[in-house]
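Here is what each chain is made of, one letter per residue.
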Amino acid sequence: MNIRIGFSVIYAVLIAGLVFCSVKSFLSHKSIAQAVGLLELALIPTLTGNLIIIASQVEEISLVGCYVYFVGVDLVMLALLRFTTEYCSGIGRGQQAPIIMYFFPAADAIQLLFNPFFGHAFSIEKIIVQGLPYYRLVPHFGQVVHRIVDYTILLSVVLIFTVATLRAAKIYRERYSVILLSIIIVAVWETFYIFSRTPVDRSMIGFGVCGLLVFYFSLYYRPLRLLDRMLSDIATNMTEALFVYDSMGRCIWANETGLKLVRLNDTQLENVSSALINKFGRQKFTSADWTEDIVLGSGDSASYYTLENHAVNEDKKHLAGSYLVVRDNTEEKRRIKREIYNSTHDSLTQLFTKQYLFECIRKILNKNKDTAYTAIFIDVKNFKIVNDIFSTAFGDIALQQIADWIRKNMNGKCVYGRLVGDTFGVFMPSELFETKKEEIEKDLLNFVVSDGNVEHRLLIQMGVYEVSDRDINVSVMFDRAHFALSTLTDNYKKHIAYYDQNLRDKVFWDQQITAELNEALETMQIRPYLQPIMDRTGKVVGAEALARWIHPERGFMSPGTFIPVFEKNSLIIEVDRHIWRCACEILSDWKETHGDTFISINISPKDLYFIDIVSEITGLVKEYSIDPKNLRIEITETVMITDVQGGFKMLAELRKAGFIVEMDDFGSGYSSLNLLKDMPVDVLKIDMKFLSDSDNSPKAQTIIRNIIKLSDELDIVSLTEGVETKQQYSQLSDVGCKLFQGYYFAKPMPKEEFEEFAFAAVNTK
Ligand code: C2E
Ligand code: CA
Ligand code: CA
């Protein structure tokens, strides 16, 4: 066979391959591609030079081939250096070739290009190969330099690759070792050629193949084992259970989660299918693609799974196998359920929150268009006092027991929730409410809460609104029920109030008088009546100023008709200020003639919220230059108990400023006796009304007697109001009461009448 033709063909094929690879590389977007492209490109002249040498039989052409080859080899060295440092980077900065390394092949190429002038590097000699002339290379000194340069670079490249191979993870090692090996083979082969001096440089095949390998390994090769390893790792450590089946439907592998799920170990794979069928109650686990959500158990202990089966096809006809993924969603589902529960339930009572209750009610109304419904607003009277006197812990228990009571009394047709604080809302079919009403009323008659040690009777009240207008906001329905409730007093006998025609009228009434208030104040339609207060001798020592409204159309109105309205809408402040000013005017009138007579004014607890009572009242006293001790201040014990806005402090300041402070309506509230010792008051107004409520009058007398005695001991003056009979008067006198007020002496009257009553009597005495 003709060697020349044979090698020429091989070289030409390799050159074509390198051209292809370099074009592909330059078109690639990979970061290493540029370096690979340059290396492929550099290999082309090297091989081409050799192709020329083999193919030519003319000395000059062979010489050109030699130059192309030598310069090509230098270019290969440059490109190889660049490629190596890039390919092996990331393995350690230590392997970066120093810049100077690039200088040597460049200088060498120049040195070789001077050979035509000096002939120092090589010459060629003619030999006969297979009967034809062949020009073979004869090396000189320059050639030695060339080889030293090339071998040095090759050695560094081999070194860098060796380090990279050793440092790489096992899976990646192949990437480096294949290239390293081919470089070594090429180097050895080339060395062999140099010394054998065979005419054709066969190692050029190695150069070409090495170029192709570099191209493949750096741009296309993916370590298969790496992928395998990663996939198997992912499958093994997946949080989902994974079962792999062969085409016959036999389980051939399961990950750890899977084995745990079916409670088997990896030697019992043949039992997996039946275990899965047992667990999930699914008849068959076929090899088709399907997904199913399965719930095991019920209620709080329910478990939720998603089963996902995938068939794996070898080709269109043949099934390779299948795999089943089982995801346990229980935690997730429970978390979501918990979150929904928390956002819709009150944490203390576990009842619905107000917002959720209203949403449910709206849905119920929309769904049951023909059912009549009733909204019930439940409130605990004076709940704050329960918290204050016992503890918030006890208050919490009380609220929980109310919630329990609601739960116990309602059925599936009712919805209920905690509205806010100590108020609850219930919504139920009106028919059902009718049947339950009496039972509820009975329970409320004596509603006792207990924490195991302490028992306390609660006053629970209900406002009831039978929904006549289904389109109004649910919150308005409860507002109406609440409004009905607000008509109840602190009465332990009546617990349920209805929003009915009377109440509607009342709403109308409230609006009317509210609209008229300003004018009434300006035109003195509202003015104080004075009710005399007597001492033990029957002498008038002062008066209580009580508001009256003399209406131009409606006529005479008692405070009971308007004070509660204004207390609710906070306009009471305007009324009170007006009465206080009137009282001061009267006192200033009397200053010269009856400077000892005092007037008591009423202060509503609401006032405390909105104005600075101390500065307001001291301001008035200054304005009218009256003695503060003549303007007595009546406050109710609510102010003390709830200590609203520093009620205690306010009283202390008033006393310091010289006012006499009276505790009004003593006996009507809660723990009056308990609080008495701490109260910064001068006078105790005991209301006969509250005591006469009691059937047992000897008992009531005992209570009064003791209160009077106690206040004496505490240096507090006792005043009994609501004295209606002579007998009451003398009895109270006997037990030591200091001051008296009541119809027995006189009713509240206009100023002029009072002056007549009080001062004329003194004058005639
Ligand atoms: P209060 O402060 O307890 O006033 C005493 C009430 O008892 C007065 O009712 C008075 O007329 C009534 N009364 C006096 N003696 C007797 C008696 O022997 N038997 C009976 N059954 N009742 C007697 P009035 O004037 O209807 O006032 C009712 C309530 O309205 C007052 O109770 C007070 O809380 C409030 N009030 C009256 N005027 C004002 C005011 O200007 N401002 C504020 N904030 N409240 C006022
Ligand atoms: Ca009063
Ligand atoms: Ca009173």
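1. Concerning the sheet that holds strand β9 (residues 415-420)
Stage number 1. Taken together, five strands build an open sheet; the order of strands is β9-β10-β8-β13-β14 and the sheet is mixed. Among the strands making up the open sheet, the edge pair consists of β9 and β14 (496-498). Strand-to-strand twist across the sheet, computed as the mean angle between neighbouring axes with direction ignored, equals 20°.
Stage number 2. Across seven bridges, strand β8 (residues 373-380) lies against strand β13 (residues 460-466) in antiparallel orientation. For alanine 375, the partnering residue across the bridge sits in β13 and is tyrosine 465.

2. Thoughts on the pattern of salt bridges
Stage number 1. Per the stated rule, a full pass over the model turns up 26 salt bridges.
Stage number 2. Its salt-bridge partner being arginine 554, residue glutamate 516 comes within 3.0 Å of it at the nearest N-O pair. Here glutamate 516 is found in helix α18 (residues 501-522), whereas its partner arginine 554 is found in the loop between β16 (540-551) and β17 (555-557), with 38 residues between them in sequence.
Stage number 3. The class of glutamate 516 is partly exposed, set by a relative accessible area of 23%.
Stage number 4. For arginine 554, a relative accessible area of 34% corresponds to the partly exposed category.
Stage number 5. Residues glutamate 616 and arginine 577 are paired through a salt bridge, measuring 2.3 Å at the closest nitrogen-oxygen approach. Of this pair, glutamate 616 sits in helix α22 (residues 613-623) while arginine 577 sits in helix α20 (residues 572-590); the two residues are 39 residues apart in sequence, bridging distant segments of the chain.
Stage number 6. For glutamate 616, a relative accessible area of 22% puts it in the partly exposed group.
Stage number 7. In this structure, a network of salt bridges that share partners links the residues Glu544, Glu634, Lys685 and Glu721.

3. Looking at the site of ligand 1
Stage number 1. Taken together, 21 residues lie near ligand 1, and Gln531, Arg548, Asp576, Glu724 and Tyr743 sit nearest.
Stage number 2. At 3.0 Å, a backbone N or O of alanine 547 approaches a nitrogen atom of ligand 1.
Stage number 3. Within the side chain of arginine 548, one N or O atom sits 2.9 Å away from an oxygen atom of ligand 1.
Stage number 4. Notes on ligand 1: free accessible area 790 Å², of which the protein chains cover 81%.

4. Some points on the coordination of the calcium ion (ligand 2)
Stage number 1. Taken together, the protein donors to the calcium ion (ligand 2) comprise Glu544 (OE), Asn602 (OD1), Glu634 (OE) and Asp664 (OD), at separations of 2.1 to 2.4 Å.
Stage number 2. All donor residues of the calcium ion (ligand 2) come from one chain, and their arrangement in sequence is E-x57-N-x31-E-x29-D.
Stage number 3. A gap of 3.9 Å separates the calcium ion (ligand 2) and the calcium ion (ligand 3), which aspartate 664 links by coordinating each metal. Taken together, the residues glutamate 544 in strand β16 and aspartate 664 in strand β20 (residues 661-666) connect sequence positions 120 residues apart.
Stage number 4. Using a relative accessible area of 4% as the deciding quantity, one classes glutamate 544 as buried.

5. Some points on the coordination of the calcium ion (ligand 3)
Stage number 1. The calcium ion (ligand 3) binds to the protein through Asp664 (OD), Asp665 (OD), Glu721 (OE) and Glu721 (OE), with metal-donor distances spanning 2.2 to 2.9 Å.
Stage number 2. Mapping the donors of the calcium ion (ligand 3) onto the primary sequence gives the spacing D-D-x55-E.
Stage number 3. According to the relative accessible area criterion, aspartate 665 is partly exposed, its value standing at 22%.

6. Some remarks on the domain arrangement of the protein
Stage number 1. By domain assignment, the protein separates into domain 1 (3-221), domain 2 (226-334), domain 3 (345-499) and domain 4 (510-757).
Stage number 2. Here the C-alpha centre of domain 4 lies 116 Å away from the C-alpha centre of domain 1.

7. Topic: a nonpolar patch on the surface
Stage number 1. Among the surface-exposed residues, Leu224, Leu227, Met230, Leu231 and Ile234 lie close enough to one another that they form a single nonpolar patch of about 520 Å² accessible area.
Stage number 2. Along the chain, methionine 230 falls in helix α9 (residues 224-237).
Stage number 3. Overall, the relative accessible area of 45% leaves methionine 230 in the partly exposed class.

8. Here's the deal with helix α15 (residues 392-409)
Stage number 1. Given a rise of 1.5 Å per residue, 18 residues ought to cover 26 Å, and the 26 Å separating the end C-alpha atoms of α15 matches this to within 8%.
Stage number 2. All of the buried residues along α15 are Phe394, Gly395, Ala398, Leu399, Ile402, Ala403, Trp405, Ile406 and Asn409.

9. Examining the pairing of strand β7 (residues 319-328)
If a strand is regular, its side chains alternate between the two faces of the sheet.
Stage number 1. As paired strands, strand β3 (residues 241-246) and β7 are joined by six bridges and run antiparallel to one another. Along β7, the bridge assignment pairs alanine 241 with valine 326.
Stage number 2. Sheet topology note: the strand β6 (residues 303-313)/β7 ladder contains nine bridges and is antiparallel. Bridge pairing links leucine 307 to valine 326 in β7.

10. Remarks on the nonpolar core
Stage number 1. Counting 72 residues, the largest nonpolar core has Phe566, Ile617, Leu631 and Phe754 as its most contacted members.
Stage number 2. Per element, the largest residue contribution to this core is ten residues, and it comes from α20.
Stage number 3. Of all hydrophobic cores here, the second largest spans 65 residues; its members include Cys21, Ile53, Ala79 and Phe122.

11. As for the sheet that holds strand β5 (residues 290-296)
Stage number 1. Pairing is antiparallel in the open sheet, where five strands are placed in the order β4-β3-β7-β6-β5. Looking at which strands have only one partner, the edges of the open sheet turn out to be β4 (251-254) and β5. On average, each strand axis in the sheet is inclined to that of its neighbour by 20°, with strand direction left out of account.

12. Describing the environment of threonine 514
Stage number 1. Mapped onto the fold, threonine 514 is located in helix α18.
Stage number 2. Each residue touching threonine 514, except ones within four places of it in the same chain, is listed here: Val565, Phe566, Asn569 and Leu571.
Stage number 3. Only 3.3 Å separates the side chain of threonine 514 from the side chain of asparagine 569, close enough to count as a polar contact.

13. Thoughts on the side chain of serine 733
Stage number 1. In this structure, serine 733 sits in helix α28 (residues 726-734).
Stage number 2. Residue classification places serine 733 among the buried positions, given a relative accessible area of 15%.
Stage number 3. When near neighbours in sequence (up to four residues on either side) are disregarded, serine 733 contacts Arg536 and Phe740.

14. Looking at helix α24 (residues 647-656)
Stage number 1. Every buried residue belonging to α24 is among Gly647, Met650, Leu651 and Leu654, and all of these are buried. Around the axis of α24, the buried residues are gathered within 95° of arc, so they sit on the same side. Exposed residues pointing more than 90 degrees away from the buried face of α24 are listed as Lys649 and Lys656.

Rules of the game
- Residues numbered from 1 in each chain as written.
- Chains lettered and ligands numbered in written order.
- Predicted model: local features only at pLDDT ≥ 70, side-chain atom pairs only at ≥ 80, totals over all residues.
- Heavy atoms only, no water.
- Pairing = 2+ DSSP bridges.
- Helix = DSSP H or I, 4+ residues; strand = E, 2+ residues; numbered from the N terminus.
- Axes fitted to C-alpha atoms, helices over the stretch in contact; angles between N-to-C directions.
- Salt bridge = Lys/Arg side-chain N within 4 Å of Asp/Glu carboxyl O.
- Buried < 20%, exposed > 50% of the residue type's maximum accessible area, 1.4 Å probe, protein only.
- Near = heavy atom within 4 Å.
- Polar contact = N/O pair within 3.5 Å; in protein donor to acceptor, adjacent residues only side chain to side chain.
- Areas by Shrake-Rupley, 256 points an atom, 1.4 Å probe, with all protein chains shown as cover.
- Donors = N, O, S within 2.8 Å, 3.2 Å for Na, K, Ca; no water.
- Domains from an automatic or database assignment.
- Patch = residues over 30% accessible without salt bridge, like charges linked within 9 Å, V, L, I, M, F, W, Y side chains within 5 Å.
- Expected span 1.5 Å × (residues − 1).
- Core = buried A, V, L, I, M, F, W, Y, C linked by side-chain atoms within 4.5 Å.
- Contact = heavy atoms within 4.5 Å.
- Arc of directions from axis to C-beta.

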